[in-house]
Amino acid sequence: MERSTLRAGLVLSVAFFCLVASGQALAADPAPAPAPQPAADTAADDYEDEYADDEKQVTVADPLEPFNRAMYSVNDVLILYVLEPAAKVQKAVVPWEFRTIIRNMFQNIRFPVRFVNSLLQANWEKASDEFASFFLNTTVGFLGMADIAASYPGLQQSPEDMGQTFAVWGWDESAFLTLPFFGPSTMRDAVGKLPDVVLDPLFWIVEGIPLAVGVRVGETVNATTFRIGDYEAIKKASIDPYVAIRNGYVQNRNKLIAE
């Protein structure tokens, strides 16, 4: 009963937020195309980008900066003293091949999130590529354990989500927001997480909040094993790591939206 109530509540919330977003898209003038950004590795964290002269860059409104800095401090402790130590242990115990299989399977099972958002953005080419990639990895790749599609130009998975869809519909970034545990975001992207949760097959497959949280934590720890040390490198290279992460996140989001 609790699970059904939670699902119904989330579906209603998604419908409400999509209605609001559509209204903003119709009422607003078309958003200007973001300025061209330096090329970045799409496999890296969202906030990884160019960090030179971070204090001089103004890329997004930040009226909640005191709150955001407080949440940044919380997340900083969690990354340095919980997430990365756990990732180091897993990296030492679990071979690279098995960690790669886990990563590939999580990426493959979230195909509906990427596919539906590609359709909502009217990006038919990306939608067809996503479907072909999912079909190939699920069949030849043994239920997504192997990313066979990565070997074919044009079939690489594209990290589409509802935050990007809202942007295509005309919803501006609004304001920067740092979420506890989830990290950097914007008001638009935070709202977009709700429909993405409903589109995620794991939401319907995994029963119970404790188990769902455990799966998400395990996925995050496994993903971190591939980029241990990146976060510390960003902090060392920046005068103000909070500003560097904020600007890098927004720059990378703008790049993904423009693609």
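That block above? That's the structure.
Residues numbered from 1 in each chain as written. Predicted model: local features only at pLDDT ≥ 70, side-chain atom pairs only at ≥ 80, totals over all residues. Heavy atoms only, no water.

### A short note on the side chain of serine 133
Here serine 133 shows up in helix H5 (residues 124-139). Setting aside anything within four residues of it in sequence, one finds serine 133 in contact with Ala149, Leu155 and Gln157. (Helix = DSSP H or I, 4+ residues; strand = E, 2+ residues; numbered from the N terminus. Contact = heavy atoms within 4.5 Å.)

### A few points about the environment of aspartate 161
Along the chain, aspartate 161 turns up in the loop between H5 and helix H6 (162-169). Judged by relative accessible area, which is 17%, aspartate 161 ranks as buried. Separated by 35 residues in the primary sequence, aspartate 161 and aspartate 196 place their C-alpha atoms 6.7 Å from one another. With sequence-adjacent residues up to four places away left out, aspartate 161 is seen in contact with Asn117, Gln121, Asp196 and Arg253. Side-chain polar atoms of aspartate 161 contact the backbone nitrogen of glutamine 164, separated by 3.0 Å. (Buried < 20%, exposed > 50% of the residue type's maximum accessible area, 1.4 Å probe, protein only. Polar contact = N/O pair within 3.5 Å; in protein donor to acceptor, adjacent residues only side chain to side chain.)

### A word on unusual backbone geometry
Only a minority of non-glycine residues have a phi that is not negative, and only a minority of peptide bonds are not trans. Its identity is not glycine, yet alanine 122 carries a phi of approximately 60°, on the positive side. Mapped onto the secondary structure, alanine 122 falls in the loop between helix H4 (111-120) and H5. Although it is not a glycine, leucine 143 adopts a positive phi angle of roughly 60°. According to the relative accessible area criterion, leucine 143 is exposed, its value standing at 61%.

### Some words on the pattern of salt bridges
Side chains bearing opposite charge may pair, as long as their charged atoms lie close to each other. In total, this model carries 13 salt bridges according to the counting rule given. Across the pair arginine 246 and aspartate 62 runs a salt bridge, and its minimum N-O distance is 3.1 Å. With arginine 246 in helix H11 (residues 241-258) and aspartate 62 in the loop between helix H1 (2-27) and helix H2 (65-93), this residue pair connects regions lying 184 residues apart in the sequence. With respect to class, arginine 246 is no different from aspartate 62; both count as buried. (Salt bridge = Lys/Arg side-chain N within 4 Å of Asp/Glu carboxyl O.)

### Things to note about the pairing of strand S2 (residues 183-186)
Both strand S1 (residues 176-179) and S2 contribute to a ladder of four bridges, which runs antiparallel. Its bridge partner being in S2, threonine 178 is matched across the sheet by proline 184. The hairpin formed by S1 and S2 contains three residues between the paired strands, and phenylalanine 181 there has a positive phi angle of roughly 75°. (Pairing = 2+ DSSP bridges.)

### Some words on a nonpolar patch on the surface
Nonpolar side chains collect at one region of the surface, where Met105, Phe142, Leu143 and Met145 lie side by side and expose about 420 Å² of accessible area between them. Mapped onto the elements of the fold, phenylalanine 142 is located in the loop between H5 and H6. (Patch = residues over 30% accessible without salt bridge, like charges linked within 9 Å, V, L, I, M, F, W, Y side chains within 5 Å. Areas by Shrake-Rupley, 256 points an atom, 1.4 Å probe, with all protein chains shown as cover.)

### Some details on the packing of H2 against H11
Where H2 meets H11, the axes come as close as 11 Å, and the angle between the chain directions of the two elements is 100°. Between H2 and H11, the angle is such that the two are roughly perpendicular. Packed against H2, whose contacting residues are Glu65, Asn68, Arg69 and Tyr72, the element H11 presents Pro241, Tyr242, Val243 and Ile245 at the interface. Within the contact of H2 with H11, the residues separate by chemical class into five nonpolar, one polar and two charged. (Axes fitted to C-alpha atoms, helices over the stretch in contact; angles between N-to-C directions. Parallel < 35°, antiparallel > 145°, perpendicular 65-115°, else oblique. Nonpolar A, V, L, I, M, F, W, Y, C, P; charged D, E, K, R; others polar.)

### A look at the side chain of lysine 126
Here lysine 126 lies in helix H5. Separated by 2.6 Å, the side chains of lysine 126 and glutamate 160 make a polar contact. For lysine 126, the contacting residues outside a window of four places in its chain are Ser118, Ser158, Glu160 and Glu259.

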